[in-house]
Amino acid sequence: MRWFTKLPPVLTFELSRFEFNQSLGQPEKIHNKLEFPQIIYMDRYMYRSKELIRSKREYIRKLKEEIKFLQLKLERYVKYGSGPARFPLPDMLKYVIEFASTKPASESSSSQSDTPVTLPVHCPVSELTSEGSASTESSSQDAESSFPSPEDSQHKSKIMSKPLPSSQSSMEMPTHPAPRTVTDEEINFVKTCLQRWRSEIEQDIQDLKNCIASTTQTIEQMYCDPLLRQVPYRLHAVLVHEGQANAGHYWAYIYNQPRQIWLKYNDISVTESSWEELERDSYGGLRNVSAYCLMYINDKLPHFNAEAAPNESDQMLGEVDALSVELKHYIQEDNWRFEQEVEEWEEEQSCKIPQMESSTSSSSQDFSTSQEPSVPSSHGVRCLSSEHAVIVKEQTAQAIANTARAYEKSGVEAALSELKEPEPKKPLPQETNLAEQSEQPQKANDAESAAQPNSEVSEVEIPSVGRILVRSDADGYDEEVMLSPAMQGVILAIAKARQTFDRDGSEAGLIKAFHEEYSRLYQLAKETPTSHSDPRLQHVLVYFFQNEAPKRVVERTLLEQFADKNLSYDERSISIMKVAQAKLKEIGPDDMNMEEYKKWHEDYSLFRKVSVYLLTGLELYQKGKYQEALSYLVYAYQSNAALLLKGPRRGVKESVIALYRRKCLLELNAKAASLFETNDDHSVTEGINVMNELIIPCIHLIINNDISKDDLDAIEVMRNHWCSYLGQDIAENLQLCLGEFLPRLLEPSAEIIVLKEPPTIRPNSPYDLCSRFAAVMESIQGISTVTVK
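Every value quoted in this text rests on a predicted model; they were computed, and no experiment measured them.

Attention now goes to the overall build of the protein chain. Broken down by element type, the protein chain carries 29 helices and eleven strands. Residue burial in the protein chain is summarised as follows: out of 789 residues, 35% are buried. Taking as baseline every contact in the protein chain between residues at least 6 positions apart, the subset at least 24 positions apart corresponds to 71%. As displayed, the protein chain has an accessible area near 48,300 Å², and 53% of this comes from carbon and sulfur atoms.

If you want it as structure tokens, here you go:
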């Protein structure tokens, strides 16, 4: 026996899930059920606990032998008898009591039964032959006198062939076996003895069972000693395989310590999960899915313990609090710009997907020419990062210089305190920027004339705006973004502010364009929405206006629209963009609650995601892909419900999602039932999977929320459809399948339901949702609503 002296921080257990079948000559997967705990204690395997563990193991061995002896004694009671057939002794005594208590036959019947019956009911041939042979051995005279005439023999044979006389059939036989004669004293004596013996034996059996149970519990709690719970290892990861030995699919469950939840890593999808789902997919025994590897980590190591490990965000906030006001401002702005840069990069990547697909379909002879347009996109990203680096460098230098001056004058305390003297100097960067902006047109004209041979000007058609001239060397220009409804409004507002810009300068032009766009969006938010349009999809500010967002959130959001790098298509837009960027830098942490600002934008992002999921679900429904459509509609409904808790205009219309969710459920239920009725193994399995993985989880979610009458009626229709099979003559395998999932369909509230998340769709991509929304709504308006009777 080997013992551990030291354990690693991570323990990996490989489960033997495969074996080689010698008869078939191929490997097979083992689907046996294996349960594993979330925490295991390794003290029982450590060298320092060797003596204690040995004594406990010896004690356990003796207890197991005692259990074996007790079970043997118990078996003698429950399997009593000396013959091949054995029965429980209490039951045998009970049957004897019942026999003794049965009333005997009446006196008249007993007197009739005393009359001897000469002929048996069935006379065997052997008895007749033996009697014939015995008669032949007698004397001849006796034989001659005893043998009847042929007529008498024939008459007697007819009598023997006749059925039994009615003397025995007319007896009044009891319905159950009963003693023929028994006195009251005998009955009382027998019943008293047997009942006492039966009670004693039942008590002995119960004592044996209690003794076995208590001994078993002692064995189970043998290692619950606090001395053997000093080295806990917590389950951290579970690797799962679904399929057979030759093929299948892998995924993993990993426990997230900071968030205290399980995450499911399935290819590129990472979703929140639960311990119940992990049990269902990992224990095995039910389906062709089970865990094959377990990873436990030492629960007492600080690096792995969420409680012992310091919170990174708290630690960062503590360090930020020790900085000066300007450095705090710089850090907050830098973090916000970094988040914006990440979002912009994701949008650019999502926009490049259709371009990449189109480029792969082009011919090979255009390869040399197709490489050139890819340069500006990388140049745009490079320019964005370089511009961000310059801004960061300038702000860092400014903050460090101010802090150094304060330190030289008044020491450390002044450097770390809130610096209020430099605040009046804030407008200086703006004045410098405005001076640079006033000189910008002249410098730009010189640069344009110098770079004329290398620069090209092209016309771009912008909906609702018209044709605009765009330089090919414009920094960061992205046509996909420029075609979005939000950017179209900004371009149109800048065009309307042209006269003000030419007359009063770039800052006045920004103010004019800002008010133009603000007024347009405010009026758009006041318009009554129709069934074919939702103005909230056109612009985030329409969503903010309709939900009464704070004014500072609205103004900063619109200002960021004018500071977008994609406005670098001419000199006027570049000047207005730079003024807007300068004004964004002036907004300090006291002027704007960034947490509130982010929360409003997260809500709008979720609203767009719900809209995309709804539209995708409706499009799939029209194509007859009800299974995929239901996944999108269910997730749209759940996310939309969270939005509607904050206000009626925070989400989309709930009844539309519920209507088509209900339609998909009814269609899938009918499909599953038709597959079930085929009695084909593959089709039946497919139908049952549709019920278990889609319909039953959806019914669970619907019941747990505020269920409407239409949803309740639809659920009853689906349940009644499956219950109707109970009264039909169906195959035995179908009865077994029906018995397994029908209780879950009728009582799904006790189930732990985990739905598969639909494929991810990027709601932040600059795709015009408005036209898509209108097209989908127009195509479904002719479809009648679901009415369930």
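Following the structure, the description resumes.
Along the chain, Ala549 falls in the loop between α20 (540–546) and α21 (551–562). On a C-alpha basis, the gap between Ala549 and Tyr597 in space is 9.5 Å, while along the polypeptide they are 48 residues apart. Excluding residues within four positions of it along the chain, Ala549 makes contact with Phe544, Val554 and Trp600.

Once that is clear, we can look at the packing of helix α25 (residues 654–677) against helix α27 (residues 709–723). It is at 10 Å that the axes of α25 and α27 come closest, and there the two elements cross at 0°. Classed by the angle they form, the pair α25 and α27 counts as roughly parallel. On α27, the residues that touch Ala658, Arg661, Arg662, Leu665, Leu666, Asn669, Ala672, Ala673, Phe676 and Glu677 of α25 are Asp710, Asp711, Ala714, Val717, Met718, His721 and Trp722.

Glancing now at the pattern of salt bridges. A side chain with one charge can pair with a side chain of the opposite charge if their charged atoms come near. Throughout the structure, instances matching the rule amount to 25 salt bridges. With a closest N to O distance of 3.8 Å, Lys79 and Glu75 form a salt bridge. Note on Lys79: relative accessible area 45%, which makes it partly exposed. The salt bridge involving Glu555 is made with Lys551; its shortest N-O contact spans 3.9 Å. Pair noted here: Glu555 and Lys551 are both in helix α21, with a separation of four residues, about one helical turn. Owing to a relative accessible area of 56%, Lys551 belongs among the exposed residues under this scheme. Taken together, the salt bridges that share partners define one network made up of Arg661, Arg662, Asp710 and Asp711.

Summarising the sheet, strand β6 (residues 248–256) and strand β7 (residues 261–266) pair through five bridges and their orientation is antiparallel. Bridge pairing in β7 links Ile254 to Leu263. Hairpin remark: β6 followed by β7, antiparallel, with four residues in the connecting loop; positive phi at Gln260, about 60°. Where β7 lies against strand β8 (residues 269–273), five bridges are found, and the strand directions are antiparallel. Bridge pairing in β8 places Trp262 opposite Ser273. Counted between consecutive antiparallel strands, the loop separating β7 from β8 contains two residues, among which Asp267 sits at a positive phi close to 55°.

Our next topic: α25. For α25, which comprises 24 residues, the first-to-last C-alpha distance of 35 Å matches the rise-based estimate of 34 Å (1.5 Å per residue) to within 8%. Downstream of α25 by a residue or two, Asn679 has a phi angle that is positive, lying close to 65°.

Next up on the list: the state of the cysteines. As used here, a disulfide is simply a covalent bond connecting the sulfur atoms of two cysteines. The final tally for this structure, using the stated rule, is zero disulfides. For the unlinked cysteine Cys664, the closest cysteine sulfur is that of Cys698, found at 9.2 Å.

This part covers unusual backbone geometry. The backbone of Gln260 sits at a positive phi, close to 60°, despite the residue not being glycine. Take Gln260: it is sitting in the loop between β6 and β7. Exposure remark for Gln260: the relative accessible area of 47% places this residue in the partly exposed category. Within the chain, Asp267 stands out as a residue other than glycine whose phi angle is a positive 55°.

Counting 97 residues, the largest nonpolar core has Phe544, Phe562 and Trp722 as the members making the most contacts within it. For this core, the element with the highest residue contribution is helix α23 (residues 594–622), accounting for 13 residues. Residue contacts for Trp722: discarding those within four places in its chain leaves Asn669, Ala672, Ala673, Phe676, Met691, Leu738, Phe741, Leu742 and Leu745. Listed in part, the 23 residues of the second largest apolar core include Leu7, Val238, Val289 and Ala291.

A few words now on helix α2 (residues 89–101). Helix length check: α2, at 13 residues, gives a terminal C-alpha distance of 19 Å against a target of 18 Å (1.5 Å per residue), a fit within 8%. Listing the buried residues of α2 in full gives Leu89, Pro90, Leu93, Ile97 and Ala100. Along the axis of α2, the buried positions cluster into a sector of 105°, meaning they face one direction only. At its buried positions, α2 is contacted by α1 (50–78) and α8 (184–220).

What follows is about the confidence of the model for the protein chain. When pLDDT is averaged along the protein chain, the result is 74; 68% of the residues meet or exceed 70. Across the protein chain, element-level confidence peaks in β7 with a mean pLDDT of 93 and bottoms out in helix α12 (residues 367–370) with 38. Counting interchain partners and residues more than four positions distant, the pLDDT-below-50 stretch residues 472–476 has eleven contacts. pLDDT under 50 marks residues 783–789. Its contacts with residues more than four places away, or in other chains, come to 14 contacts.

A word on the packing of aromatic side chains. In this structure the tally under the stated criterion is 22 aromatic pairs. Here the aromatic rings of Phe36 and Tyr283 are separated by 5.1 Å at their centres, their planes lie at 85°, and the arrangement is edge-to-face. Of this pair, Phe36 sits in the loop between β3 (26–29) and β4 (39–41) while Tyr283 sits in the loop between α9 (275–282) and β9 (289–298), and the two are 247 residues apart along the sequence. Each member of the pair, Phe36 as well as Tyr283, carries the same accessibility label: buried. Note on Trp336 and Tyr597: the rings are 5.2 Å apart at their centroids and 75° apart in plane angle, and the pair reads as edge-to-face. Taken as a pair, Trp336 in helix α11 (residues 325–360) and Tyr597 in helix α23 lie far apart in primary sequence, 261 residues in all. A relative accessible area of 0% places Tyr597 in the buried class. By the ring-pair criterion, three or more aromatic residues cluster together here, those being Phe36, Tyr255, Trp262, Trp275 and Tyr283. For the cation-ring pair, Lys264 lies above Trp251, with the distance from its terminal atom to the ring centre recorded as 5.0 Å. Between Arg650 and the ring centre of Trp600, over which it is positioned, the NZ or CZ distance is 4.2 Å.

Rules of the game
- Residues numbered from 1 in each chain as written.
- Predicted model: local features only at pLDDT ≥ 70, side-chain atom pairs only at ≥ 80, totals over all residues.
- Heavy atoms only, no water.
- Helix = DSSP H or I, 4+ residues; strand = E, 2+ residues; numbered from the N terminus.
- Buried < 20%, exposed > 50% of the residue type's maximum accessible area, 1.4 Å probe, protein only.
- Contact = heavy atoms within 4.5 Å.
- Areas by Shrake-Rupley, 256 points an atom, 1.4 Å probe, with all protein chains shown as cover.
- Axes fitted to C-alpha atoms, helices over the stretch in contact; angles between N-to-C directions.
- Parallel < 35°, antiparallel > 145°, perpendicular 65-115°, else oblique.
- Salt bridge = Lys/Arg side-chain N within 4 Å of Asp/Glu carboxyl O.
- Pairing = 2+ DSSP bridges.
- Expected span 1.5 Å × (residues − 1).
- Disulfide = S-S within 2.5 Å.
- Core = buried A, V, L, I, M, F, W, Y, C linked by side-chain atoms within 4.5 Å.
- Arc of directions from axis to C-beta.
- pLDDT = per-residue confidence, 0-100.
- Phe/Tyr/Trp six-rings, centres within 6.5 Å; stacked < 30°, edge-to-face > 60°.
- Lys NZ or Arg CZ within 6 Å of the ring centre and 35° of its normal.

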